[in-house]
Amino acid sequence: MLSDGPFVDVERRTVSPRVFYEPEVYERERALIFARSWLYLGHESEIEEKNSYVSADMGGDPVILWRGPDGKARAFLNTCTHRGVKICRVDRGKSKVLTCPYHGWSFNSAGELAGVPARERYGPTFNPQEWGLLEVPRVEAYAGLVFGNMNPEAESLVDFLGDIRWYLDTQFKRTAKGRVVFPGVQKITLDVNWKLASEQFGGDSLHVSTAHRSCKPLGMLGDPNKFHKGAPLQYDFNVSTDQGHGWASLSPDVAPGTPVEQFDAYEAEVYRNAPDCLTPRQKELTLTGAVGFVFPNFAFISFLGGFGLRLFVPKGPQKTEVWFWSAADAEAPDWRKELSRQLNIRSFTAGGVVDADDNEMWLQAQKGLTGYFRRNKPFNYQLGLGIEGVYEDERPGRLDNIPIESGVIGFHRRWHQLMEGGGDRPYLAEAAE
Ligand code: FES
Ligand SMILES: [Fe+2]
């Protein structure tokens, strides 16, 4: 018997396919998720100099992250206040002023309207101070990662990150200077809902040995089946957090073509010199592979010797842009930086052998879930339900053996909480009627 049921049943751990395509859900997400969450904008290493900027995106709205003449990083909607045209049309640059290509209004790196053609014909009531770029009210950074929030009343970024900070530290603070993000961003557009990508990075370790099976003969995965053998919780484990963030720690592996001796010597040095702000347990995890996810749409991978960041940019109920960056330790020698960049591009970017599998699976899932009859039967997120362990040590969040879907449903649980919006009447119950 087909039934509508609730959009997200957190107890039974099921999710309705309708959340992945309904236009009304998407509009509510823009208001209740993307307008209220901390969203990744860029990395401090990309905008080190005054007046440097990168293009960013906040829930489908184009944004510029721009370091002002005073050294402060600000974010603005990338849309002209005159008639809406995008004022910045490149991914990255440096300029004191950006000029709109339509009628030539120009804006400085503090967001002020700095020049207006035919200025004298605007009359006496025109006040340029009212027509500066629309500024994102909150911009904060953690470990080099810069986030923005459209909600002026939002909790601090540190509080928003919550339990995931402990794990972020193992990857973004493993050396004193942190990470550096290389110039160049890859973008791919997929006809899928953004949540198919986000939920996977929330902790879907089950798909690895099936969807990425073809990586095994290529030598790209040491032993994908190790995740099914109850690998020791020491290095291979999943973390889910109340904030909807997720983490998977994976035994270290390197891709073919890696100069293993040189690589191991470098990693050993990183471990030996890890800063003292990390605990011994955190230091140990600096060398493991990691897939991390910050709710709602930012993720990174440190695996197979590469290191990359990614953003799942919603562009419609059934359209998502995925943005990919490559990164490395800021003080790594050039060979290690280049290796990190190449390995990440080869495996985990738009044309990477690993991502090609995921893209295909998401496209197939999206096609399947919009079927007229299929849409009424909820999806299953019950892997681990009732057999999850309770492990307690200094590692925060809920820890479990891999594979488990507690992180995947954890993403949907948080989504559900925010979509209910704290109103008198839960939106999702209302929508399911
Ligand atoms: S739209 Fe930008 S100057 Fe007219
Ligand atoms: Fe994958």
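Residues numbered from 1 in each chain as written. Chains lettered and ligands numbered in written order. Predicted model: local features only at pLDDT ≥ 70, side-chain atom pairs only at ≥ 80, totals over all residues. Heavy atoms only, no water.

Enquirer: Looking at this structure, I do not really get the pairing of strand 4 (residues 52–58). What am I missing?
Expert: In summary, the side chains of a regular strand alternate between the two faces of the sheet. Most of strand 4 is tucked away, with 7 of its 7 residues classed as buried. Relative to strand 7 (residues 92–94), strand 4 runs antiparallel, the two sharing 3 bridges. Paired with Tyr53 across the strands is Gly93, a residue of strand 7. Judged from the 6 bridges that link them, strand 4 and strand 5 (residues 61–67) form a sheet pairing that is antiparallel. Paired with Tyr53 across the bridge in strand 5 is Trp66. Between strand 4 and strand 5, which pair antiparallel in sequence order, lie 2 residues; one of them, Gly59, sits at a positive phi of approximately 60 degrees. (Buried < 20%, exposed > 50% of the residue type's maximum accessible area, 1.4 Å probe, protein only. Helix = DSSP H or I, 4+ residues; strand = E, 2+ residues; numbered from the N terminus. Pairing = 2+ DSSP bridges.)

Enquirer: For this particular structure, what's the right way to read the sheet that holds strand 11 (residues 138–142)?
Expert: In any sheet, the strands associate via hydrogen bonds between backbone groups, in a parallel or an antiparallel arrangement. Strands sit in the order 3-12-11 across an open sheet of 3 strands; the sheet is antiparallel. The two strands at the open ends of the sheet, each matched to only one other strand, are strand 3 (39–43) and strand 11. In this sheet, adjacent strand axes meet at a mean angle of 30 degrees when their direction is disregarded. The pairing of strand 3 with strand 12 (residues 145–149) spans 4 bridges and is antiparallel. When the sheet's bridge partners are listed, Leu39 is paired in strand 12 with Gly148. (Axes fitted to C-alpha atoms, helices over the stretch in contact; angles between N-to-C directions.)

Enquirer: Got a minute to help me understand the packing of aromatic side chains in this structure?
Expert: Where two aromatic rings form a pair, the distance of their centres and the angle of their planes describe that pair. In the structure shown here, the tally under the stated rule is 26 aromatic pairs. On the numbers, 4.8 Å between centres and 65 degrees between planes, the contact of Phe34 with Trp194 is edge-to-face. Remark: Trp194 occurs in helix 4 (residues 194–201) and Phe34 occurs in helix 1 (residues 23–34); sequence separation between them is 160 residues. Like Trp194, Phe34 is buried. One aromatic cluster is present, formed by Trp166, Tyr167, Phe172, Trp247, Phe300 and Phe307 through successive ring pairs. In this structure, Arg179 packs its charged tip against the face of Phe307, placed 3.6 Å from the ring centre. Between Arg395 and the ring centre of Phe237, over which it is positioned, the NZ or CZ distance is 4.5 Å. (Phe/Tyr/Trp six-rings, centres within 6.5 Å; stacked < 30°, edge-to-face > 60°. Lys NZ or Arg CZ within 6 Å of the ring centre and 35° of its normal.)

Enquirer: Any chance you could explain the environment of Lys315 here in plain terms?
Expert: The residue Lys315 is located in the loop between strand 19 (306–314) and strand 20 (320–329) in this model. For Lys315, a relative accessible area of 32% corresponds to the partly exposed category. With 251 residues separating them along the chain, Lys315 and Ile64 place their C-alpha atoms 17 Å apart. If sequence neighbours within four positions are ignored, Lys315 has contacts with Tyr26, Asp57, Gly60, Thr320 and Glu321. (Contact = heavy atoms within 4.5 Å.)

Enquirer: Quick question: what am I supposed to make of the coordination of the iron ion (ligand 2) here?
Expert: In ideal tetrahedral geometry, four donors around a metal make angles of 109.5 degrees, whereas ideal octahedral geometry with six donors gives angles of 90 or 180 degrees. The coordination sphere of the iron ion (ligand 2), as far as protein atoms go, consists of His207 (NE2), His212 (NE2), Asp358 (OD) and Asp358 (OD), spread over 2.1 to 2.3 Å. Coordination geometry of the iron ion (ligand 2): the 4 donor atoms subtend angles of 56 to 146 degrees at the metal centre, consistent with an arrangement described as irregular. (Donors = N, O, S within 2.8 Å, 3.2 Å for Na, K, Ca; no water. Tetrahedral: all angles 85-135°; square planar, octahedral: opposite > 155°, others 65-115°.)

Enquirer: I'm lost on the nonpolar core in this one. Help?
Expert: Among soluble globular proteins, nonpolar side chains are generally buried collectively. Grouped together as the largest cluster of nonpolar side chains are 62 residues, with contacts concentrated most on Phe20, Val63, Leu65, Phe201, Trp362 and Trp415. Apart from residues no more than four positions distant in its own chain, Leu65 is found in contact with Leu41, Gly42, Ile47, Ser52, Tyr53, Val54, Ala73, Arg74, Ala75 and Val146. Membership of the second largest hydrophobic core comes to 33 residues, among which are Phe237, Val239, Phe298 and Trp325. (Core = buried A, V, L, I, M, F, W, Y, C linked by side-chain atoms within 4.5 Å.)

Enquirer: How do you make sense of the layout of surface pockets when you look at a structure like this?
Expert: Where empty space is left becomes clear once a probe the size of a water molecule has been rolled over the atoms. Size it by volume and the largest pocket reaches roughly 450 Å³. Looking at the lining of the largest pocket, the elements that each hand over two or more residues are helix 4, helix 5 (208–211), helix 9 (353–369) and strand 21 (379–380). The dominant element in the lining of the largest pocket, judged by the number of residues it contributes, is helix 9, at 4 residues. For the lining of the largest pocket, a count of residues per class yields 10 nonpolar, 4 polar and 4 charged. Roughly 340 Å³ of volume is contained in the second largest pocket. Around the second largest pocket, the lining is made up of 25 residues, and of these Arg174, Pro252, Phe263, Glu267 and Leu287 lie nearest the centre. (1 Å grid on protein atoms, 1.4 Å probe; cavity = no way out; pocket = protein on both sides within 12 Å on 5 of 7 lines; lining within 4 Å. Points joined across faces, edges and corners; volume = space filled by probe spheres on them. Nonpolar A, V, L, I, M, F, W, Y, C, P; charged D, E, K, R; others polar.)

Enquirer: Teacher, can you tell me more about helix 6 (residues 260–272) here?
Expert: An α-helical segment advances 3.6 residues per turn. Residues three or four places apart therefore align on the same side. Between its first and last C-alpha atoms helix 6 spans 18 Å; for 13 residues at 1.5 Å apiece the expected length is 18 Å, and the two agree. Structurally, helix 6 contributes buried residues whose contacts are with strand 20 and helix 8 (334–348). (Expected span 1.5 Å × (residues − 1).)

Enquirer: Even after reading the chapter, I still don't get the pattern of salt bridges, so can you show me in this structure?
Expert: A side chain with one charge may pair with a side chain of the opposite charge, provided their charged atoms come close. For the structure on display, the rule yields 23 salt bridges. In this structure, Glu388 and Arg13 form a salt bridge, with 2.9 Å as the shortest nitrogen-oxygen distance. Note that Glu388 is positioned in the loop between strand 21 and strand 22 (398–400) and Arg13 in the loop between strand 1 (8–9) and strand 2 (14–15), a separation of 375 residues in sequence. Given a relative accessible area of 23%, Glu388 falls into the partly exposed group. For Glu22, the salt bridge is made with Arg18, and the minimal N-O distance between the two is 2.9 Å. (Salt bridge = Lys/Arg side-chain N within 4 Å of Asp/Glu carboxyl O.)

Enquirer: For this particular structure, what's the right way to read the sheet that holds strand 21?
Expert: Spatially, the 3 strands line up as an open sheet ordered 1-2-21, and their pairing is antiparallel. The sheet is open, and its two borders are formed by strand 1 and strand 21, each paired with just one other strand.

Enquirer: Just checking my understanding: could you explain the pairing of strand 16 (residues 246–250) for this structure?
Expert: Within strand 16, 5 of the 5 residues are buried, which leaves the element mostly enclosed by the surrounding structure. Across the two faces of strand 16 the burial is the same, with Gly246, Ala248 and Leu250 and Trp247 and Ser249 all buried. When strand 16 meets strand 17 (residues 289–294), the two strands line up antiparallel, connected through 5 bridges. Bridging across to strand 17, Ala248 finds its partner in Val291.

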